[in-house]
Each structure stands twice: as C-alpha cells, then as structure tokens.
Amino acid sequence: MEQFKLMDNFKEEVIVKRNNSFNQFMYGVCWLGLVVFGITGLTALYNVMGVNGFDWISLVVAVVFGGLALLIWRNKDTFRTEYEYSFTNGDLDISMVLGNSRRRYLTRLPMKNVEACGEVTHASFQRYIGMKDVKKHNWFLNRDSKLYYFFFTKNSVRHIIIIEPSDEMIDIIRSKNYLNFGVWQD
C-alpha cells in the first residue's frame, strides 16, 4: 500500500511600513502629549478640593485633560500598525497588529469565494471599485508596492480588499486550483 504525503501550502507575511520615520515621530509626540495631559489632569484633580472648598474649574480641567490622555493612550498604537497575511490551503487570513501588542482579526477569505482578483493596475479593478454598495477595505501600508485586489461577496454584502502580498504568496495562490476559472484578471 502506497502512502501519500500531503503537504500544506502555507505562507505567512508581516507587512510593515518601509518609510515610517513620520509614524515614529508621531508616536513619540503621542507619548509626550500623554505625559503632559496626564500630569495636568492629575494636578487639576488634586486641586479640586482647594483651600476655598470645591473648585468646578479644576474638576472640568481634570476631566478634559484626563480624557485627552485616555484618548491618546487608546489610539497611539495606530502609528505602529502592521498587517499580517496568512495563506493556508486556499484560505487567506488577514489581521491588523497594533503596536506589536494588540491583534485585530479582519477577515478570512476562502479563495473559492473570490469573484475577481488581480493587480490594481488592471482595468478590471476600476470596474469593481466603482460599483455601488461595495465595501472597500485598504489593508496595505505602502502605496508604492505592488497592490492586489480581491472582490467577493460575504453575507450578501459585496467587498473589495486591497492588499500588498509578496510575489511568492501570489504565486502560491495562483499555482493550485484555489481560484475558480477566470477569476484572476491578467
């Protein structure tokens, strides 16, 4: 009896911004603002019960600056965004990683559900991106990269995602019968 060795087609990529000096600068500004707003809010909170009794102005300042510090704390990691693409046997999983600590799962796309795909420079991309009621998802970081689109319907809603996978991942997607006939736009 002959044994068959089944191999998974697996490729995982992490997409990082190539020129991220502006993002690093803004991340530092966020930390500076966080410290300044936090100290100002705490100082104002300390002064709420002043010498002359309760001080409404100090309470308002404490709430505003504390809220700003909290808002910065919550959103500072958007300047350190990465995308992770994982392709496993016909399924493309896409996740967003914020600040190397928080992961937000975006979607799982079975290639059998894709209705059209190809490079964004192809004429068919303009047809799909211009359709009415299509949810557009830009899940890439480098505009000067080779970008690809995938058009599909999920839960009766039409979607188009734009990503920047490597040529190796695209070759794996196209090499097997993961895509239906005629889906890839050349």
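Fair warning: this is a prediction, and the values are worked out from it, not measured in the lab.

## What about the overall build of the protein chain?
Counting its regular elements, the protein chain contains 4 helices and 11 strands. For 186 residues, the compact-globule formula gives about 16 Å, and the C-alpha radius of gyration of the protein chain, at 24 Å, lies well above that figure. With respect to the principal axes defined by its C-alpha atoms, the protein chain has extents near 90 × 45 × 35 Å. Looking at the protein chain as a whole, 40% of its 186 residues qualify as buried. Restricting to contacts in the protein chain with at least 6 residues of sequence separation, those with at least 24 account for 60%. Carbon and sulfur atoms make up 57% of the accessible area of the protein chain, which amounts to about 12000 Å² in all. In the protein chain, which carries 22 positive and 19 negative side-chain charges, the distance between the mean positions of the two groups comes to 5 Å.

## So, the pairing of strand β10 (residues 157-163)
Most of β10 sits out of view: 5 of its 7 residues are buried. Judged from the 5 bridges that link them, strand β8 (residues 134-138) and β10 form a sheet pairing that is parallel. The residue bridging lysine 135 from the neighbouring strand is histidine 159, located in β10. As paired strands, strand β9 (residues 148-154) and β10 are joined by 7 bridges and run antiparallel to one another. When the bridges of β10 are listed, phenylalanine 151 appears paired with isoleucine 160.

## Overview of the pairing of β9
Extensive coverage of β9 is indicated by the burial of 5 of its 7 residues. Inspection of the sheet shows strand β7 (residues 114-119) paired to β9 by 5 bridges, in the antiparallel sense. Looking across to β9, one finds that glycine 118 is bridged to tyrosine 149.

## Observations regarding the confidence of the model for the protein chain
Chain-level statistics for the protein chain give a pLDDT mean of 90 and a share of 95% at 70 or above. Across the protein chain, the element-wise mean pLDDT spans from 72 in strand β2 (residues 49-50) up to 96 in β10.

## Thoughts on the packing of helix α1 (residues 21-46) against helix α2 (residues 56-75)
Running from amino to carboxyl end, α1 crosses α2 at an angle of 155°, the nearest separation of the two axes being 8 Å. In terms of orientation, α1 lies roughly antiparallel with respect to α2. Remark: the crossing between α1 and α2 carries left-handed chirality. Across from Cys30, Trp31, Gly33, Leu34, Phe37, Gly38, Thr40, Gly41, Ala44 and Leu45 in α1, the residues of α2 making contact are Ser58, Val61, Ala62, Phe65, Gly66, Leu68, Ala69, Ile72 and Trp73.

## Comments concerning the sheet that holds strand β5 (residues 91-98)
The antiparallel open sheet is built from 4 strands, whose spatial order is β1-β4-β5-β6. The open sheet has two edge strands with one neighbour each: β1 (10-15) and β6 (102-110). Strand-to-strand twist in this sheet, taken as the mean axis angle between neighbours without regard to direction, amounts to 15°. Where β5 and β6 come together, 8 bridges link them in antiparallel fashion. Counted as the bridge partner of serine 95 is tyrosine 105 from β6.

Conventions used here
Sequence order sets the numbering: in each chain, residues are counted from 1 along the sequence as written. Local features in this predicted model are restricted to residues whose pLDDT is 70 or higher, and side-chain atom pairs enter the listing and the counts only when it is 80 or higher, whereas totals over whole chains, interfaces and linings include all residues. Note that the side-chain values use all heavy atoms of the structure and ignore hydrogens as well as water. Helix numbers and strand numbers start at the N terminus; a helix is a DSSP run of H or I with at least 4 residues, a strand a run of E with at least 2. In this setup the radius of gyration rests on C-alpha atoms only. A globule is expected at 2.2 Å times the number of residues raised to 0.38. Burial classes follow relative accessibility: with a 1.4 Å probe on protein chains only, a residue under 20% of its type's maximum area counts as buried, one over 50% as exposed, and anything between as partly exposed. Residue contacts follow a heavy-atom distance rule, with two residues in contact if any of their heavy atoms lie within 4.5 Å. A 1.4 Å probe and the Shrake-Rupley method give the accessible areas. Residues count as covered only by the protein chains that appear here. Positive charge is attributed to Lys and Arg, negative charge to Asp and Glu, and no charge count is given to His or to the chain ends. For charged residues, the charge sits on one atom: NZ in Lys, CZ in Arg, CG in Asp, CD in Glu. Pairing between strands requires that DSSP locate at least two bridges from one strand to the other. For every residue, the predictor states its confidence as a pLDDT score lying anywhere from 0 to 100. The convention used is that axes are lines fitted to C-alpha atoms, helices contributing only their stretch in contact, and that angles between N-to-C directions extend from 0 to 180 degrees. Angles below 35 degrees are treated as roughly parallel, those above 145 as roughly antiparallel, those between 65 and 115 as roughly perpendicular, and all remaining angles as oblique. Here a crossing is called left-handed whenever its near helix is offset anticlockwise from the far helix by less than a right angle, and right-handed whenever the offset is clockwise.

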